[in-house]
2 protein chains.
Amino acid sequence: MSDLIRLYSYWRSSAAYRVRIALNLKGLRYEYLGVHLLEGGGQQHAPGYHKLNPQDMVPTLIDGERVVRQSMAIIEYLDETYHEQGHRLMPPSARERARVRAIAQTIACDIHPLNVLRVLDHLEREHFATPAQKEAWVRHWIDEGFSALESLLDENPSTGSFCEGDEPTLADCCLVPQVYNARRFGVDMTRYPTIARIEAHCLAMPEFDSARPEVQPDAPR
Amino acid sequence: MSDLIRLYSYWRSSAAYRVRIALNLKGLRYEYLGVHLLEGGGQQHAPGYHKLNPQDMVPTLIDGERVVRQSMAIIEYLDETYHEQGHRLMPPSARERARVRAIAQTIACDIHPLNVLRVLDHLEREHFATPAQKEAWVRHWIDEGFSALESLLDENPSTGSFCEGDEPTLADCCLVPQVYNARRFGVDMTRYPTIARIEAHCLAMPEFDSARPEVQPDAPR
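Residues numbered from 1 in each chain as written. Chains lettered and ligands numbered in written order. Predicted model: local features only at pLDDT ≥ 70, side-chain atom pairs only at ≥ 80, totals over all residues. Heavy atoms only, no water.

Caption draft 1: Spatial organisation of the sheet that holds strand β1 (residues 5–9) of chain A. Residues and elements named next belong to chain A. Taken together, the four strands give an open sheet; going across it, the order is β2-β1-β3-β4, and neighbouring strands pair in mixed fashion. Lying at the two open borders of the sheet, with one neighbouring strand each, are β2 (31–34) and β4 (66–69). Taking each pair of neighbouring strands and ignoring which way they run, the sheet shows an average axis angle of 20°. Its contacts with the sheet place helix α1 (residues 14–25) against β1, β2 and β3 (60–63), and it is angled at close to 155° to β1. (Pairing = 2+ DSSP bridges. Helix = DSSP H or I, 4+ residues; strand = E, 2+ residues; numbered from the N terminus. Axes fitted to C-alpha atoms, helices over the stretch in contact; angles between N-to-C directions. Contact = heavy atoms within 4.5 Å.)

Caption draft 2: Quick look at the sheet that holds strand β4 (residues 66–69) of chain B. Residues and elements named next belong to chain B. Reading across the sheet, the four strands line up as β2-β1-β3-β4 and stay open at both edges, with mixed pairing between neighbours. Each of the sheet's edge strands pairs with one partner strand only, and the pair in question is β2 (31–34) and β4. Taking the axes of each pair of neighbouring strands and ignoring which way they run, one obtains an average angle of 20° across the sheet. Here four bridges tie strand β1 (residues 5–9) to β2, and the two strands are oriented parallel to one another. In the sheet register, Arg6 faces β2, and the bridge partner there is Glu31. Docked against the sheet, helix α1 (residues 14–25) engages β1, β2 and β3 (60–63), running at close to 155° with respect to β1.

Caption draft 3: Main features of empty space enclosed by the protein. The full count for this structure, using the stated rule, is two cavities of 30 Å³ or more. Around the largest cavity, the lining residues are Met72, Glu76, Arg101 and Gln105 of chain A together with Met72, Glu76, Arg101, Gln105 and Leu170 of chain B. Among the secondary structure elements, those contributing two or more residues to the lining of the largest cavity are α3 (71–81) and α4 (94–110) of chain A together with α3 (71–81) and α4 (94–110) of chain B. Taken together, the residues that form the lining of the largest cavity break down as three nonpolar, two polar and four charged. (1 Å grid on protein atoms, 1.4 Å probe; cavity = no way out; pocket = protein on both sides within 12 Å on 5 of 7 lines; lining within 4 Å. Points joined across faces, edges and corners; volume = space filled by probe spheres on them. Nonpolar A, V, L, I, M, F, W, Y, C, P; charged D, E, K, R; others polar.)

Caption draft 4: Inspection of the pattern of salt bridges at higher detail. Scanning the model with the defined rule gives 27 salt bridges over all chains in all. Taking the shortest distance from any N to any O, the salt bridge between Lys26 of chain A and Asp79 of chain A comes out at 2.8 Å. Here Lys26 of chain A, found in the loop between α1 and β2, pairs with Asp79 of chain A, found in helix α3; they are 53 residues apart in sequence, far enough to count as distant. The exposure class assigned to Lys26 of chain A is buried, which follows from its relative accessible area of 0%. A salt bridge links Glu76 of chain A to Arg101 of chain A; the nearest nitrogen and oxygen atoms lie 2.7 Å apart. With Glu76 of chain A in helix α3 and Arg101 of chain A in helix α4, this pair connects stretches of sequence that are 25 residues apart. Across this residue pair, the class does not change: Glu76 of chain A and Arg101 of chain A are buried. Taken together, the salt bridges that share partners define one network made up of Glu76, Glu80, Arg97 and Arg101 of chain A together with Glu76, Glu80, Arg97 and Arg101 of chain B. (Salt bridge = Lys/Arg side-chain N within 4 Å of Asp/Glu carboxyl O. Buried < 20%, exposed > 50% of the residue type's maximum accessible area, 1.4 Å probe, protein only.)

Caption draft 5: Expanded view of the nonpolar core. If you look at the biggest cluster of nonpolar residues, it comprises 148 residues, and the most contacted ones within it are Leu61, Trp137 and Phe146 of chain A together with Leu61, Trp137 and Phe146 of chain B. Leu61 of chain B has contacts with Ile5, Arg6, Leu7, Val19, Leu23, Arg66, Val67, Val68, Ile74, Tyr77 and Leu78 of chain B, leaving out every residue within four places of it along the chain. (Core = buried A, V, L, I, M, F, W, Y, C linked by side-chain atoms within 4.5 Å.)

Caption draft 6: Looking closely at the interface of chain B and chain A. Each partner contributes to the interface: chain B provides 41 residues, whereas chain A provides 41 residues. Overall, the association of chain B and chain A removes approximately 3,800 Å² of surface from exposure, summing both partners, and the carbon and sulfur fraction of that is 62%. Considering only the surface of chain B that becomes buried against chain A, Gln70, Arg118 and His127 of chain B emerge as the three largest contributors, covering 15% of it. Counting the contacts that link chain B with chain A gives eight salt bridges. The shortest N-O distance in the salt bridge between Glu144 of chain B and Arg118 of chain A comes to 2.2 Å. If you look at where chain B meets chain A, you find 22 residue pairs in polar contact (both at pLDDT 80 or more). Mapped by element, the contributors of at least two residues to the side of chain B that touches chain A are β4, α3, α4, α5 (117–127) and α6 (131–154) of chain B. At 11 residues, α4 of chain B tops the list of elements feeding residues into the side of chain B that touches chain A. (Buried area = accessible area lost by both parts, 1.4 Å probe. Polar contact = N/O pair within 3.5 Å; in protein donor to acceptor, adjacent residues only side chain to side chain.)

Spelled out as structure tokens, the structure:
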């Protein structure tokens, strides 16, 4: 739509990381707007941001006048709107698209939502979970999801150097941030060799590398 | 693809309910295969089903030789593959599609995953949650998500008799099963008048009505 894209992001947010990768793969320049999820009770709850995103979540993408929410929806929006630019993040056939979406949704619906800050806070507040119990909770859901994902990737001939074939897609945009979280919480990635191989292949690309949490403008130095 | 579609479903599964609605809206006949999530430790863990769906989750759709997983991916697959048949479940423009997907993902990524059986079981086992605490947990995440969704729907002129305009889409396929769950757990739906209005409009259609949990072949009589 417009030539001014803005992304409300937080360096460590896995969902924002997905969109940063997609913007880079599409070759789209954007303005980075940091929303600190912890400072001052969380900037995502500020009235101005709440108006843009009533869920008080990052990311939110602004494309000209349009406000686009939800990381997977944003990524498909970018791919459809800037179709001729950069990498194609959705493959050409309905069968392949279904597989790419299913891999992305295995991560974005069945693993990641259980491990976000608001859920871990709630677990602590309502169920007296200790830091060790919260970390065990996170690892449990990642291990459960990655076990399924590893066999889905390992046993399917459509898997290539990326999740689907030899081009990066929405699925890889979701996979790499989830592996980042897995490592952060001490998940043993040697149990998931196919996932680890795809992650390494992705991170060798500058589009993935420059989307990493640590190199974002709001990351602590 | 084929004229034989099979759906592995469980009457009370919210994700399977979404796909049943979509199949009806597309006017596609299908064979219903019940997977009892509770009986005998859960039929979803049986080796034969695990091979089809390594996440041990319903639904799984079989379309001829193809195996399609993840409810939202299945619904977009059906809409793309059977494009000329029945209702169009995805609107024509990238902007509208992004909004439909964002509404669907608000439900399928941020509300529903926190409230499924495996999570409630884990909460009981690892965090000693009582039945009352599990119900409070469910209501908390539905209320949080529905508060955001109500304002997203209420304040946007794109909302019509359905979530997006006056035709049912993927968003409605996700909304109606989530309201079913909300009612089941005693959420006060008078707080969400726009959501309740859209639900009522949907359930007046035979395609939604005949997808309801209570009328499935594996529902208790």
